[in-house]
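Commentary on secondary and tertiary structure
Read off the chains here:
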Amino acid sequence: MKILIFTQYFWPESFHINEVALELKAKGHEIVVITGKPNYPDGKFFSGYTAWGIDKEFWRGIPVHRLPLLARGRKSSLKLLFNYCSFIISSLLFAPWLVRKAKFDVIFVYGLSPIFQVIPASFLGWLKGVPVALWVQDLWPQSAEATGHIKSPFFLKLLEKFVRFAYAHTDL
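Ile 5, Phe 6, Ile 31, Ile 34, Ile 107, Val 109 and Trp 140 are the most contacted members of the largest nonpolar core, which totals 47 residues. Each residue touching Trp 140, except ones within four places of it in the same chain, is listed here: Tyr 84, Ser 113, Pro 114, Ile 115, Phe 116, Leu 159 and Val 163.

Written out as structure tokens, the structure is:
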């Protein structure tokens with residue numbers, strides 16, 4: 001099976017999706033990753049990475065496409081919002097072009113914050129005619145409220161509507 005892993009966070013950042021990708025590869029699946037430039041948890045880019053440009057590298061034999069995004073910074077809700085939005089916009093603009101000739105059996109979204117990274121993945125799934133599976137790691141809007149980033153009941157309700165939209169556009 002050919003699997004496109006879609007996640008804002010990937011190696012050298014330390015997340016479970018790294019082990020999942022390796023395990024899927026070890027089981028004989030062909031894996032391709034679309035991700036952002038590593039800047040978690042310190043909020044600044046890892047050595048050798050910058051905000052701009054599209055990078056392609058290989059990690060343990062897995063092709064990794066890195067999209068431009070703004071670093072999350074530290075202790076700033078506004079910078080974090082810009083970080084989330086920049087990954088979504090980059091994904092919508094560049095991901096379809098990056099994998100234009102590739103065929104996949106499934107798009108697997110590692111659903112950490114922001115949950116809205118599933119929207120460009122769902123768009124890509126629609127373009128390619130393949131199912132999109134979302135592995136939810138952070139419950140939204142609950143996680144946005146619990147971290148204190150969003151306190152307004154109006155915005156929490158609005159976020160809930162967006163989350164329902166996002167879930168409705170996945171297959172699993």
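Our focus in this paragraph is the side chain of Thr 170. Summarising the element assignment, Thr 170 is placed in the segment after α5 (153-168). Residue Thr 170 is classed as buried on the basis of its relative accessible area of 17%.

The tally for this structure, following the rule as stated, stands at six salt bridges. Note that Arg 74 and Asp 42 form a salt bridge whose closest N and O atoms lie 4.0 Å from each other. One end of the pair, Arg 74, is in the loop between β4 (62-67) and α2 (77-98); the other, Asp 42, is in the loop between β2 (30-36) and β3 (55-59), and 32 residues separate them in sequence. Judged by its relative accessible area of 44%, Asp 42 falls in the partly exposed class.

To continue, consider the sheet that holds β3. Here we have six strands laid out as an open sheet, ordered β3-β4-β2-β1-β5-β6, and mixed in their pairing. At either end of the open sheet lies a strand with only one pairing partner, and these are β3 and β6 (132-136). Across this sheet, the average inter-strand angle for adjacent strands is 20°, counted without regard to direction. Sheet topology note: the strand β5 (residues 106-111)/β6 ladder contains five bridges and is parallel. Across the sheet, Ile 107 pairs through a bridge with Val 132, a residue of β6. Against the sheet, helix α1 (residues 16-26) makes contact with β1 (2-6), β2, β3, β4, β5 and β6, and its axis sits at roughly 155° relative to β5, the strand it touches most.

Cis rather than trans, the peptide bond between Trp 11 and Pro 12 has omega equal to 10°. Of note, Pro 12 is situated in the loop between β1 and α1. The peptide bond linking Tyr 40 to Pro 41 adopts the cis configuration, its omega dihedral lying at 10°. Mapping Pro 41 onto the fold places it in the loop between β2 and β3. In this model, Arg 60 sits at a positive phi of 50°, which is unusual for a non-glycine residue. Checked against the element boundaries, Arg 60 lands in the loop between β3 and β4. In this structure Arg 60 comes out as exposed when scored by relative accessible area, which is 57%. One non-glycine residue with positive phi stands out, namely Lys 75, at about 55°. Secondary-structure assignment places Lys 75 in the loop between β4 and α2.

Quick look at the environment of Asn 39 now. Checked against the element boundaries, Asn 39 lands in the loop between β2 and β3. In this structure the C-alpha to C-alpha distance between Asn 39 and Ala 51, which are twelve residues apart in sequence, comes to 9.6 Å. Apart from residues lying up to four places away in sequence, Asn 39 is in contact with Glu 13, Lys 44, Phe 45, Phe 46, Leu 69, Ala 71, Arg 72 and Asn 83. A distance of 3.0 Å separates the side chain of Asn 39 from the backbone oxygen of Lys 37, its partner in a polar contact.

For β2, the tally of buried residues reaches six of seven residues, placing the bulk of the element in the interior. With five bridges connecting them, β1 and β2 associate as parallel partners. Residue pairing for β2: Leu 4 is matched across the bridge by Val 32. Here β2 runs beside β4; their pairing, made up of four bridges, is parallel. The partner of Ile 34 across the bridge, within β4, is His 65.

Thresholds, definitions, all that
Residues numbered from 1 in each chain as written. Predicted model: local features only at pLDDT ≥ 70, side-chain atom pairs only at ≥ 80, totals over all residues. Heavy atoms only, no water. Core = buried A, V, L, I, M, F, W, Y, C linked by side-chain atoms within 4.5 Å. Buried < 20%, exposed > 50% of the residue type's maximum accessible area, 1.4 Å probe, protein only. Contact = heavy atoms within 4.5 Å. Helix = DSSP H or I, 4+ residues; strand = E, 2+ residues; numbered from the N terminus. Salt bridge = Lys/Arg side-chain N within 4 Å of Asp/Glu carboxyl O. Pairing = 2+ DSSP bridges. Axes fitted to C-alpha atoms, helices over the stretch in contact; angles between N-to-C directions. Polar contact = N/O pair within 3.5 Å; in protein donor to acceptor, adjacent residues only side chain to side chain.

Geometry only, nothing functional implied.
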